[in-house]
Amino acid sequence: MDSEREGPLILVECHLCVGEENWVDSRTIYIGHKEPPPGTEAFIQQRFPDNRIVSSKYTFWNFIPKNMFEQFRRVANFYFLIIFLVQLIIDTPTSPVTSGLPLFFVITVTAIKQGYEDWLRHKADNAVNQCSVHVVHHGKVVRKQSRKLRVGDVVLVKEDETFPCDLILLSSSRDDGTCFVTTASLDGESSHKTYYAVQETKAYNTEKEVDTIHATIECEQPQPDLYKFVGRINIYMTNEPVARPLGSENLLLRGATLKNTEYIYAVVIYTGMETKMALNYQSKSQKRSAVEKSMNAYLVVYLCILISKALINTALKYVWQSDPNKDEPFYNQKTEVERQRHLIRAFTDFLAFMVLFNYIIPVSMYVTVEMQKFLGSYFIMWDDEMFDEELGERAVVNTSDLNEELGQVEYVFTDKTGTLTENNMEFIECCVDGHVYVPHAICNGQVMPGAAGMDMIDSSPGPAAREHEELFFRALCLCHTVQVKEEDTVDGIKHGIHQGKSTSFYISSSPDEVALVEGMKRLGFTYLRLKDGQMEILNREDEVEKFELLDVLTFDSVRRRMSVIVRATGEVYLFCKGADSSIFPRVISGKVDQVRARVEQNAVEGLRTLCVAYRSLSPEQYEEVFQLLNRAKLALQDRDKQLAEAYDLIEKDLILLGATAVEDRLQEKAADTIESLHKAGIKVWVLTGDKMETAAATCYASKLFHRNTQILELTTKRTEEQSLHDVLFELSRTVLRQHGGMTRDTFSELSGDCTDYGLIIDGATLSAVMRPGQEGSNSGNYKEKFLEICRNCSAVLCCRMAPLQKAQIVKLIKASEEHPITLAIGDGANDVSMILEAHVGIGIMGKEGRQAVRNSDYAIPKFKHLKKMLLVHGHYYYIRISELVQYFFYKNVCFIFPQFLYQFFCGFSQQPLYDTAYLTLYNISFTSLPILLYSLIEQHINMDILKKDPCLYRDIAKNSLLRWPTFIYWTVLGVYDAIVMFFGAYFLFDNTTFTSNGQMFGNWTFGTLVFTVLVFTVTFKLALDTHYWTWINHFVIWGSLIFFVVFSLLWGGIIWPFLNYQRMYYVFMQMLSSGPAWLSIILLITASLLPDVVKKVIWRTLWPTTTERIQGQLSEFTPLASLHAPSKGSSHRRGSENQRNPRRSEPFTKKVMFTRWQKAPDYCTFTPLLRFADSSRHSRQGYNYSGAGPETSV
Amino acid sequence: MVKQESESANRPDNTAFTQQRLPAWQPILSAGIVIPGFVLIGLAFIGIGVALFVTSKSIQELEFDYTGYSNESPCSSCAQSVVANCKCSLNFTLTTLLQGPVFFYYGLSNYFQNYRRYGASKDDNQLYGDLSYFTSPSSSCSPYDYDSSKKPIVPCGSIANSMFNDTFTLTWTVNGKTNNVSLDGKGIAWWTDYNVKYRNPNVTPLKNAFNGTVKPINWAKPAYELDASDPSNNGFVNQDFLVWMRRAALPNFRKLYRRIDASGDYKNGLPAGNYTVDITYNYPVRAFNGVKKIVFSNVSWMGGRNEFLGIAYLVIGSLCVVMSVVMLIVYAKFKFPDEE
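Residues numbered from 1 in each chain as written. Chains lettered and ligands numbered in written order. Predicted model: local features only at pLDDT ≥ 70, side-chain atom pairs only at ≥ 80, totals over all residues. Heavy atoms only, no water.

**Topic: helix H2 (residues 75-89) of chain A**
Turning to step 1, where the next piece is worked out: Counted at 1.5 Å a residue, the expected span for H2(A) with its 15 residues is 21 Å, and the 21 Å between its end C-alpha atoms agrees.
Turning to step 2, where the next piece is worked out: Within the span of H2(A), buried status applies to A:Ala76, A:Asn77, A:Tyr79, A:Phe80, A:Ile83, A:Val86 and A:Gln87. (Helix = DSSP H or I, 4+ residues; strand = E, 2+ residues; numbered from the N terminus. Expected span 1.5 Å × (residues − 1). Buried < 20%, exposed > 50% of the residue type's maximum accessible area, 1.4 Å probe, protein only.)

Written out as structure tokens, the structure is:
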């Protein structure tokens, strides 16, 4: 609304204005709505939207017109509308009711369904929009509904509250004007980040004081990048106005949560749909399933058939009419009107034929599909196996349009944190000089006695080792940035530690550190607090040890390590922990080999490993270090660089102590699920905002990468060394050499005979690959190359992804030439864009808010439920709906083709073969329920088998049941049946009577005979296709046949007063009174079904699908399937037995965790491990596993 | 405790239906069932087919074309003239008894009673005896709703107007003696048509109901005078009219004209001898290459002579057997892979 308007900038006092040249457009915000002092340049106040979030599509007023418009945009509905209008206007063979009634039915049902869904969205929106927010108003805090927030309002946010919109931090309860925020629901990083208030405002931290702030903020118009923000605050409280730069460190984003800070004051700058979170949503466009696309393609084919039928008949009619004696015999004179207007007659004739044959487009297919999807989705919600007891949640279906798409998934894009993992770190073990220590888990609520919960594995350490051990534990207790927070109330999510009196929590920007400190606590060393520069530790003997914290060499991702310098009883120590790759080169002594072996083994296990080393500093050395650090810290230019150099000098000559292993515990059965997905032929990609090492570790743990997977890296680190171009080509050469001549058999792929490739790519490199049009054609080439590499990799890991980049990846794959079906699964707001982009979006009901769930198509409590979702539900839905679609076209061909044939015997006069009631009700009632029921409860194979044998999923891959050959088969079958039915009746009626009283039957009897055969044939055809006969199937199939008979008896048995014709009177009864009619009905039904049965049997014998093979293995007459209805408990038990590695994915197991070396069989296979290690060293592509370093705040 | 309660509230019902674990019969169309099934069906069909074929063969049928296209034909003169009630006669000889009951049909070919416009050209309300439709017939009857002087036509419409108006009498000559064969015109139309669907208006005499209306243009007599011999066979419930009003499904059709009255000499059917059909030739069909026929036929339980059903049963039955053999060969040769 205010494009191109340059904001008037005050540049005079602006010392540090950043990125001015990037300002395309700006907005000015008056804090607390206070006008700037009159002396300053006038700002033009803009209008901003309110803070309302709108995800609903309709309002009460526009529902009917908008919904109608959208429904009639559907080709089929529009078509029926046209047919209906044509029937109203011209003289047609059938009454407008025949198409008007079904159309009305379809439109109403759909409108009700969509209205209900939109109502749910309204409810969700309202819940968000109406939640209350504290706003500072004239020095007082008042409550306001979230949606009423305006730009410029000053709000008060308390701890653990979520920011209602994008805010600029003014002040916080902390004196230094900082606050801690977790953006978990935005970008998936659960760490706490520090945000800063502007120097000038940070002191105003009561509502009275805040109200006196007089300032304006100029900033760019909202843009979706979460990490970019450029703005400036002008403060008018001193005589001279002051301007300060604002950056992303001042900006609190909607959706993030305030942590560990009592309260903050902040000013609203972006509201409602303009918040960065909302901008990161993509518009919720209607997703269409592949089945629907096939359906539309078939529809076009049938439309062509229909038009050509009508054209042929019109043309033949005119050929026929060219003979005046045929055109107008004495017995059938035309009216004057009919004799005239020949051109228009031709057109109306064409339309009349169209109307006559319009039923070939299955009128009720759409409504049946809608109902099938809507009702069918309840089975997902009802599924007890997808109910999670821990969360008390069951699966949720937000869009039922995509049920069958679940059976077609080829790519799964999964988030890592909170999706694959529990987002919950746990200390697993540590290793000091090669001795492994495993903390005992709490057993039955009691700490196991003996050695303070420690388990020695090797021979008990000697005295030297003893010293190392002591140092090691202290190092871990000291070398971190963990804060201790004491709190009386219990918050379930935080890592609580019970100390009897009060509960205290460890809080850190890195969950790993928390896990380590907690692990130490379990091993007997408790970090108590940091007080007056003293770190206090409670050691095993319950003595408090104090260490003076001299310096912290903070973590950064280049060094991948951090250090602390502490003084204890006069001695100065430097403790360093970091990734093995960054520690080992700096180690001068210690048992490097043992530790390295252990670290590598843990890395392969998918644990996040860290190495710990120390260096003892003499007073002189410390003095030197101190000087070095101070110089660097005070540098004005290149401070970061100088610091890094200083750190590099300090962290050397280390003595290795040991290593730790932490696990971000995988969700229960995550690895099992991923393996099943792999077996089902689905490619799994992990897209995460997390860093590479962590993500890679998870990928190993979740069996995405196997031990013999060769890792290809496409990361910033590599592209710095070589150009992107070279790296890409080198990688593709590597991959293609392997896969070039080889056909990838589906099973050998899994056996591990051939090298599996795994690709790791990071966000920066990805954007370089995707960058459009730098060198014109060349950049497209990058994309192609990248896709080519990806296609040949069994697993891909994308790390450091921004939310929109995740969506970009999904889009890239979607748009690749095979157009695979993609599924995105995630739990945080950072996954929303990819959830919306993918064909199917699945939300996990995680800890990071409900946004993913709200924007997803389906939501499940845990990642493991994806297995049943795809392999069982998806498979069933696909089977069901594909049969539904094919069957619908088939039964309408059977229905209409005889009518087409009849035109050749009635002088192309558009005489309907069937009565109006039959025409109208054929699709609505006689043949609708059996197929609807089939499409709801058919199970071609047992669900336990589907789960056990994921390969079955491949049977239906690539829309295999809706390919053109299948479709043509069904159509040909329909035409064949139609021909059998029509000519069967034709020859029966040919010049003879078939009653014993000599009376003749008329044309309606002819039509009724055909129709009766038709209804029975299509119903029996469905019965032959049904593999799962419950009592409901029996009821509906036989019931609908009985209904047809009863209806026909009734319809013909009464003179209906409201009808102006009685042509069906007694026709059906008369027909049934004749023996040959019965015989011919039986004959024609048999003849119609015969070829299909023969085809099925022969195909099943000659080319059985995997599914059919398994069906064959089961006994041919399973009397009752009740035997596979086991109790819930047993199925659970079976589930856990199936797990390969229970330790990895089970939740807090109550059994004691023994060292893994006792379980020799699992780990004796070291050969592949060594090969992996070798190859990684030999080739540059190899991926050197490095343990994850601690994460530190921004 | 509270938490547990909410859990169980959200927990899905664990019923067989919601968990998709309803007990079910899971049949599979495998060769093991289908092959014997096909053999059984095939044999049964062949049996039925043979029975039907034999029955059909036993039915006697005599068919005579009297259109008069060729000059030898007895009605050729009538066919060329435009005189009403042109008489001609057709002779045939029966060497053996035509087993009764014998039905007398007339047949028309190339005649499209199933034209849509033709079929719609009637007024069911009028034919139900509703007097209000006498004065204003449905527009669907057009152009046979009003005559040139704008008087309503009753019964209106093309079907009624084009009612077949050739009449036939049958004589039997045996030993030089000529006997009239009595023909029974009752019950040739559907019972429901005669008693329910079509009704005369409740006016006596019937003639008065037709005041202010005219007869259909092609009719010689008004509707209330169709059968002078039987007053209950007049108006809309005239049997010939009803037979005509039931439109034939296909362009070649037969309609029941009379039944041979099974009494006296004709108790067992038409005895051997020479027969003459005297025809009152009115109905024009040459313009559209139509053919007029008379047919004498007896029926069995399965109706008139129709070999189609028997042959079709034989064909489908043998197909079933052949297919089962084919399937057996395929099955034996390739088997199920899992049986190896």
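**Points about the domain arrangement of chain B**
Residue and element names in this part refer to chain B.
Turning to step 1, where the next piece is worked out: Assigned domains of chain B: these are domain 1 (32-59 + 302-339) and domain 2 (60-299).
Turning to step 2, where the next piece is worked out: Inter-centroid distance (C-alpha atoms) of domain 1 to domain 2 is 42 Å.
Turning to step 3, where the next piece is worked out: Contacts between domain 1 and domain 2 engage five residues on the former and five residues on the latter.
Turning to step 4, where the next piece is worked out: Summed over both partners, the interface of domain 1 with domain 2 buries about 360 Å², with 55% contributed by carbon and sulfur atoms.
Turning to step 5, where the next piece is worked out: When residues of domain 1 are sorted by the area they lose upon contact with domain 2, Ile59, Gly303 and Arg305 head the list and together hold 81% of the total.
Turning to step 6, where the next piece is worked out: For the interface between domain 1 and domain 2, the tally reads zero salt bridges.
Turning to step 7, where the next piece is worked out: Across the domain 1-domain 2 interface, the total number found is zero residue pairs in polar contact (both at pLDDT 80 or more). (Domains from an automatic or database assignment. Contact = heavy atoms within 4.5 Å. Buried area = accessible area lost by both parts, 1.4 Å probe. Salt bridge = Lys/Arg side-chain N within 4 Å of Asp/Glu carboxyl O. Polar contact = N/O pair within 3.5 Å; in protein donor to acceptor, adjacent residues only side chain to side chain.)

**Observations concerning the domain arrangement of chain A**
How big an interface is tends to be expressed through the accessible area that disappears when the partners come together.
All names here are of chain A.
Turning to step 1, where the next piece is worked out: Domain annotation of chain A identifies domain 1 (150-280), domain 2 (393-419 + 667-737 + 756-769 + 782-866), domain 3 (425-454 + 464-665) and domain 4 (879-1097).
Turning to step 2, where the next piece is worked out: Relative to domain 4, the C-alpha centre of domain 2 lies at a distance of 47 Å.
Turning to step 3, where the next piece is worked out: At the interface, 13 residues of domain 2 touch nine residues of domain 4.
Turning to step 4, where the next piece is worked out: A combined buried area of about 900 Å² lies between domain 2 and domain 4, and 51% of that area is made up of carbon and sulfur atoms.
Turning to step 5, where the next piece is worked out: Its largest share of buried area at the contact with domain 4, domain 2 owes to Gln408, Lys679 and Ala680, together 46% of the area lost on that side.
Turning to step 6, where the next piece is worked out: Scanning the region where domain 2 abuts domain 4 turns up one salt bridge.
Turning to step 7, where the next piece is worked out: Salt-bridge contacts for Lys958 lead to Glu410; the nearest nitrogen and oxygen are separated by 2.8 Å.
Turning to step 8, where the next piece is worked out: When its residues are assigned to classes, the side of domain 2 that touches domain 4 shows four nonpolar, five polar and four charged. (Nonpolar A, V, L, I, M, F, W, Y, C, P; charged D, E, K, R; others polar.)

**Here's the deal with the packing of H2(A) against helix H10 (residues 342-357) of chain A**
Residue and element names in this part refer to chain A.
Turning to step 1, where the next piece is worked out: Look at H2 against H10: their axes get within 10 Å of each other, and the N-to-C directions meet at 125°. Between H2 and H10, the crossing angle belongs to the class labelled oblique. Between H2 and H10 lies a crossing whose hand is left-handed. Where H2 abuts H10, its residues Ile83, Val86 and Gln87 lie against Leu351, Met354 and Val355. (Axes fitted to C-alpha atoms, helices over the stretch in contact; angles between N-to-C directions. Parallel < 35°, antiparallel > 145°, perpendicular 65-115°, else oblique. Left-handed = near helix turned anticlockwise from the far one by under 90°.)

**Overview of the interface of chain B and chain A**
Turning to step 1, where the next piece is worked out: With 99 residues of chain B at the contact, the number on the chain A side is 115 residues.
Turning to step 2, where the next piece is worked out: Carbon and sulfur atoms supply 60% of the area buried between chain B and chain A, which totals about 9,600 Å² over both sides.
Turning to step 3, where the next piece is worked out: Run the count over chain B and chain A and you get four salt bridges.
Turning to step 4, where the next piece is worked out: Taken together, the connections running from chain B to chain A amount to 32 residue pairs in polar contact (both at pLDDT 80 or more).
Turning to step 5, where the next piece is worked out: Of all the elements, helix H11 (residues 307-334) of chain B adds the most residues to the side of chain B that touches chain A, at 13 residues.
Turning to step 6, where the next piece is worked out: Tallied by class, residues from the side of chain B that touches chain A come to 59 nonpolar, 22 polar and 18 charged.

**A few points about the sheet that holds strand S8 (residues 215-220) of chain A**
Residues and elements named next belong to chain A.
Turning to step 1, where the next piece is worked out: One open sheet holds the four strands; their spatial order is S1-S8-S9-S10, and the pairing between them is antiparallel. Here the strands that pair on one side only, and so sit at the sheet edges, are strand S1 (26-30) and strand S10 (242-246). Each strand axis lies, on average, 20° off the axis of its neighbour in the sheet, ignoring direction.
Turning to step 2, where the next piece is worked out: Judged from the five bridges that link them, strand S9 (residues 231-235) and S10 form a sheet pairing that is antiparallel. Note that in S10 the partner of Asn234 across the bridge is Ala243. (Pairing = 2+ DSSP bridges.)

**Overview of the packing of aromatic side chains**
All names here are of chain A.
Turning to step 1, where the next piece is worked out: Within this structure, the stated rule accounts for 118 aromatic pairs over all chains.
Turning to step 2, where the next piece is worked out: Between Phe904 and Phe908, the aromatic rings sit 5.3 Å apart at their centres with planes inclined by 70°, giving edge-to-face as the arrangement.
Turning to step 3, where the next piece is worked out: Overall, Phe904 belongs to the partly exposed group, its relative accessible area being 36%.
Turning to step 4, where the next piece is worked out: Residue classification places Phe908 among the buried positions, given a relative accessible area of 7%.
Turning to step 5, where the next piece is worked out: Their ring planes at 15° and their centres at 5.8 Å tell us that Phe1047 and Trp1051 sit as a pair that is stacked. Here Trp1051 and Phe1047 lie together in helix H34 (residues 1031-1053), a separation of four residues that amounts to about one turn. Pair check on accessibility: Phe1047 and Trp1051 agree, each one buried.
Turning to step 6, where the next piece is worked out: One cation-aromatic arrangement involves Arg596 over Phe584; the distance from NZ or CZ to the ring centre is 4.5 Å. (Phe/Tyr/Trp six-rings, centres within 6.5 Å; stacked < 30°, edge-to-face > 60°. Lys NZ or Arg CZ within 6 Å of the ring centre and 35° of its normal.)

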